[in-house]
Amino acid sequence: MSDMNEIFNPGRDALRGIEQRLGMSRRDYLQFCATLAATLGLPKGADAAVAKAIETAKRPSVIWLHFQECTGCSESLLRAEHPTLEKLILDVISLDYHETLMAAAGHQAEAARKDAMKANKGKYVLVVEGAIPVKNNGIYCKIGGHTAIDLVKECAADAAAVIAIGSCASWGGMPSTHPNPTGASSVAEVLGKPVLTIPGCPPNPYNFLATVVHFLTFGKLPDVDKLGRPKFAYSRLIHENCERRAHFDAGRFAVQFGDEGHRKGYCLYKLGCKGPETYANCPTIGFGDVGENNWPVGCGHPCIGCTEKGVGFTKPIHQVATMLNVTPPLQYARIVEEQGKGASFASAAALTALAGAAAGAAVMLTRNLGLSHAAEEAERAKAQDKSKDPAQV
Ligand code: FSX
Ligand code: SF4
Ligand code: F3S
């Protein structure tokens, strides 16, 4: 009992070390832990457990391999600004091997990897960034004379957990797109067993940090879906949490980059946004730790479905998305012609039923009735005409 108390109520003394270590106030630190706990979907009180684990648990040794990729995953991890996420990450883990970040090169680097593997046998976390080329016995990616295939197998053998970071490592990503000349494959395919995946091109560093913190706090990786993705981050469609969703439901779309709808922040569905068929938490946590709306759709670009195999880098950007759980109504009932009256719930329901839409779409439609972009344009044109016509004044 006292242990539980201690875990859920770490005292000021327990956190003094972390204040000094991270150079952030106790308050900021606890706030950060609360955010992480919320990202993980943990119950009330778990923020203190997270704080305690970060403060006291031994930093897990991490061996980070790079294969076929652009290093955007590492870049995204290091480009967070406030409160220096990369500092926290590098404090929470002991990054013992990372080709782009380590000072060592050549034989020294190889020795560092071997030493870390030996010293932390069965306990280290293996993070793999990039796809693994398997064509022609893997000759398209060699490091220190070893193929990526051999390296990943060697390092995974004694790892406590394997994390595939980024879409390349998770499902092949960009290098695996047709015609896939090198046979770029995922980590799970090469190892022949499931691994935890954090897809995204690049993935969100918070999802990596939260996964590692879960490992630290509970001694195991978080629950995953059938594709190995942590459920806390990938269980919702982007379309479900998008800030432009009300525009979608009301039928207000940007139809061209830079048009009035685009400038007004309307829905990007007609510009090919793949949010309706992409599972990720981009709209809820944003990127780069620089504040709200810092994610593709928030910046005015349609989601390309970078987390999703078969969508990102496969479907053309201009192609409209497949609606996975809400079919758009065939037409946007009465929004245009009957301004002020709107569709009755029954008529909207009938229309959406005709379109084969989910019942929820009908509710959303009736709730979010408003002028469509085209209707607004028509209204404006009418108003302008009136102001030009002296007979109407
Ligand atoms: Fe792939 Fe990460 Fe995209 Fe790049 O390295 S997921 S190409 S952001 O760097 O692996
Ligand atoms: Fe947001 Fe894209 Fe869905 Fe529109 S289609 S609401 S922009 S996720
Ligand atoms: Fe990728 Fe779409 Fe998120 S393009 S970063 S999954 S908004």
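Since the structure is predicted, the reported quantities are computational estimates derived from the model, not experimental observations.

Comments concerning the overall build of the chain
Counting its regular elements, the chain contains 19 helices and nine strands. With 393 residues in all, the chain has 49% of them scored as buried. Here the analysis covers contacts within the chain between residues at least 6 apart in sequence; of these, 73% occur between residues at least 24 apart. Of the roughly 18,900 Å² of accessible surface on the chain, 54% is carried by carbon and sulfur atoms.

So, the site of ligand 1
Residues in contact with ligand 1 amount to 13 residues; listed here are only the nearest, Cys70, Cys73, Glu129, Cys168 and Cys201. Glu129 places a side-chain nitrogen or oxygen 2.6 Å from an oxygen atom of ligand 1. When contributions to the shell around ligand 1 are tallied by element, the ones reaching two or more residues are helix H5 (72–78) and helix H9 (166–171). A total of three residues in the shell around ligand 1 trace back to one element, the largest contributor, which is H9. Residues belonging to the shell around ligand 1 are distributed by class as follows: five nonpolar, six polar and two charged.

What to know about helix H4 (residues 46–56)
Of all the eleven residues making up H4, nine are buried; the element is thus mostly covered by neighbouring parts of the structure. Within the span of H4, buried status applies to Ala46, Ala48, Ala49, Val50, Ala51, Lys52, Ala53, Ile54 and Glu55.

Considering helix H11 (residues 205–218)
Taking 1.5 Å per residue, 14 residues should reach 20 Å; H11 reaches 20 Å between its end C-alpha atoms and fits that length. Across the 14 residues of H11, 13 count as buried, placing the element largely inside the fold. One or two steps after H11, the chain reaches Gly219, where phi turns positive at roughly 75 degrees.

Side note on the site of ligand 2
Not every one of the 13 residues close to ligand 2 is listed here, only the nearest: His239, Cys242, Cys267, Leu268 and Cys273. Counting only elements with at least two residues in the shell around ligand 2, the list comes to helix H13 (238–241) and helix H14 (245–250). A per-class count over the shell around ligand 2 returns nine nonpolar, two polar and two charged.

Focus on the nonpolar core
One finds Tyr29, Leu36, Ile54, Val92, Val127 and Phe208 to be the most contacted residues of the largest nonpolar core, which totals 49 residues. Per-element tally for this core: the top contributor is H11, with eight residues. Judged by nonpolar contacts, the second largest core, of 28 residues, contains Ile63, Ala116, Cys141 and Val162.

Considerations on the packing of H4 against H11
Where H4 contacts H11, the axes come no closer than 9 Å and their chain directions differ by 85 degrees. In terms of their interaxial angle, H4 and H11 are classed as roughly perpendicular. In contact with Ala49, Val50, Ala53 and Ile54 of H4, H11 contributes Val213, Leu216 and Thr217. Class assignment for the residues of the contact of H4 with H11 results in six nonpolar, one polar and no charged.

About the cut-offs
- Residues numbered from 1 in each chain as written.
- Chains lettered and ligands numbered in written order.
- Predicted model: local features only at pLDDT ≥ 70, side-chain atom pairs only at ≥ 80, totals over all residues.
- Heavy atoms only, no water.
- Helix = DSSP H or I, 4+ residues; strand = E, 2+ residues; numbered from the N terminus.
- Buried < 20%, exposed > 50% of the residue type's maximum accessible area, 1.4 Å probe, protein only.
- Contact = heavy atoms within 4.5 Å.
- Areas by Shrake-Rupley, 256 points an atom, 1.4 Å probe, with all protein chains shown as cover.
- Near = heavy atom within 4 Å.
- Polar contact = N/O pair within 3.5 Å; in protein donor to acceptor, adjacent residues only side chain to side chain.
- Nonpolar A, V, L, I, M, F, W, Y, C, P; charged D, E, K, R; others polar.
- Expected span 1.5 Å × (residues − 1).
- Core = buried A, V, L, I, M, F, W, Y, C linked by side-chain atoms within 4.5 Å.
- Axes fitted to C-alpha atoms, helices over the stretch in contact; angles between N-to-C directions.
- Parallel < 35°, antiparallel > 145°, perpendicular 65-115°, else oblique.

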